[in-house]
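The lines below spell out each chain.
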Amino acid sequence: ETGVTQSPTHLIKTRGQQVTLRCSSQSGHNTVSWYQQALGQGPQFIFQYYREEENGRGNFPPRFSGLQFPNYSSELNVNALELDDSALYLCASSLGGQGTDTQYFGPGTRLTVL
Amino acid sequence: SQKIEQNSEALNIQEGKTATLTCNYTNYSPAYLQWYRQDPGRGPVFLLLIRENEKEKRKERLKVTFDTTLKQSLFHITASQPADSATYLCALDITLRLSFGAGTTVTVRA
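Our subject in this report is the structure included herewith. Predicted, not measured: the structure shown is a model, and the values here were computed from it.

About the thresholds
Residues numbered from 1 in each chain as written. Chains lettered and ligands numbered in written order. Predicted model: local features only at pLDDT ≥ 70, side-chain atom pairs only at ≥ 80, totals over all residues. Heavy atoms only, no water. Helix = DSSP H or I, 4+ residues; strand = E, 2+ residues; numbered from the N terminus. Buried < 20%, exposed > 50% of the residue type's maximum accessible area, 1.4 Å probe, protein only. Disulfide = S-S within 2.5 Å. Contact = heavy atoms within 4.5 Å. Buried area = accessible area lost by both parts, 1.4 Å probe. Salt bridge = Lys/Arg side-chain N within 4 Å of Asp/Glu carboxyl O. Polar contact = N/O pair within 3.5 Å; in protein donor to acceptor, adjacent residues only side chain to side chain. Nonpolar A, V, L, I, M, F, W, Y, C, P; charged D, E, K, R; others polar. Pairing = 2+ DSSP bridges. Axes fitted to C-alpha atoms, helices over the stretch in contact; angles between N-to-C directions.

## Let's talk about unusual backbone geometry
The amide bond that connects Ser7(A) to the next residue, Pro8(A), takes the cis arrangement and shows omega of -10 degrees. Tracing the backbone through its elements, the reader meets Pro8(A) in the loop between β1 (5-7) and β2 (10-13). Despite not being glycine, Glu60(B) shows a phi value in the positive range, around 55 degrees. Along the chain, Glu60(B) turns up in the loop between β6 (56-59) and β7 (62-67). Classification of Glu60(B) by relative accessible area gives exposed; the value is 80%. The phi dihedral of Lys71(B) falls on the positive side, at around 55 degrees, and the residue is not glycine.

## Quick look at the state of the cysteines
Tallied over the full model, the rule gives two disulfides over all chains. Paired by a disulfide, Cys23(A) and Cys91(A) hold their sulfur atoms 1.7 Å apart. Judged by the torsion about the S-S bond (-50 degrees), the Cys23(A)/Cys91(A) disulfide is left-handed. You can see Cys23(A) sitting in strand β3 (residues 19-24) and its partner Cys91(A) sitting in strand β9 (residues 87-94), a full 68 residues away along the chain. Here Cys23(B) engages in a disulfide with Cys90(B); their sulfurs sit 2.0 Å apart. Between Cys23(B) and Cys90(B), the S-S dihedral sits near 65 degrees, and the bridge is therefore right-handed. Of this pair, Cys23(B) sits in strand β3 (residues 19-26) while Cys90(B) sits in strand β9 (residues 86-94), and the two are 67 residues apart along the sequence. Each of the two residues, Cys23(B) as well as Cys90(B), counts as buried.

## Here's the deal with the interface of chain B and chain A
Taken together, the contact between chain B and chain A spans 18 residues of the former and 21 residues of the latter. Around 1500 Å² of area is buried between chain B and chain A when both sides are counted, 53% of it from carbon and sulfur atoms. Between the two partners, chain B and chain A, sit zero salt bridges. Across the contact surface, chain B and chain A share two residue pairs in polar contact (both at pLDDT 80 or more). For the side of chain B that touches chain A, the elements supplying multiple residues, two or more each, are β4 (32-38), β5 (45-51), β9 and β10 (97-100) of chain B. Broken down by element, the side of chain B that touches chain A gets its largest block of residues, four residues, from β4(B). Classifying every residue of the side of chain B that touches chain A by side-chain character gives ten nonpolar, five polar and three charged.

## Comments concerning the sheet that holds strand β8 (residues 74-78) of chain A
Residue and element names in this part refer to chain A. Spatially, the four strands line up as an open sheet ordered β1-β3-β8-β7, and their pairing is antiparallel. Looking along the sheet, the strands with just one partner apiece sit at the ends: β1 and β7 (64-68). Within the sheet, the average angular offset between the axes of one strand and its neighbour, ignoring direction, is 20 degrees. Judged from the five bridges that link them, β7 and β8 form a sheet pairing that is antiparallel.

## A few points about the side chain of Gln68(A)
All names here are of chain A. With respect to the helices, strands and loops of the structure, Gln68 is situated in strand β7. Here the side chain of Gln68 touches Arg51 through a polar contact of 3.2 Å, landing on its backbone nitrogen. In contact with Gln68, not counting residues within four places along its chain, are Asn30, Thr31, Val32, Tyr49, Tyr50, Arg51, Glu52, Glu53, Ser73 and Ser74.

## Digging into the sheet that holds β6(B)
All names here are of chain B. Spatially, five strands are ordered β1-β3-β8-β7-β6 in an open sheet, and the strand pairing comes out antiparallel. The sheet is open, and its two borders are formed by β1 (3-6) and β6, each paired with just one other strand. Averaged over all pairs of adjacent strands, the angle between their axes in this sheet comes to 15 degrees, without regard to strand direction. Two elements, β7 and strand β8 (residues 72-77), share six bridges in a ladder whose sense is antiparallel. Residue pairing across strands places Lys63 opposite His76, the latter belonging to β8.

## So, the pairing of β1(B)
All names here are of chain B. Burial along β1 is one-sided: the face carrying Ile4 and Gln6 is buried and the face carrying Lys3 and Glu5 is not. Pairing analysis gives four bridges linking β1 to β3, with the strands arranged antiparallel. Following the sheet pairing, Ile4 is matched in β3 by Tyr25.

Structure follows, in structure tokens:
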């Protein structure tokens, strides 16, 4: 186990709603990255937070937003949910603020949008 | 645009045999490449990192090679066991972010 936790485990929402996913990073890690993984695909980078600042963003629209707190835990917020947002959302922590550091992943949150 | 391709077909092998997975990439020269293991419903777990100046890396029954001329990495699981059954992902540093392939699913039959 990596020590990275995510909540909730599963979530069902309807189109147009908003959702907040949470992540607690591994002890000692100051960087959190969020990924979206569709069925049968590899994880796609959403964005990264380093010491409470956004430190890079992938090809996702502004309705995907995030926060990192002083204890380095993080939230992913998605507004105006679409059917295509159904996926496994993974949080990964690392140390160093580099997007290419080894990632320690949590178990993920399975989001279903109906 | 950058493209990462892993074995398109799932791999089914007999226990004790060697599984060989490929990761090919185009239009980029990564400084290093990482391999992860993912079990169903779980997050990926880091296995190995190999740098561009390293030809080969080993960890227990795992071996990774990195050929920057061919733009290819090979991942070998030797003396495979049913517990090795999982999806294996390669990841490259592209524009300072990790980009993952779609993964190859390996099933080891007892």
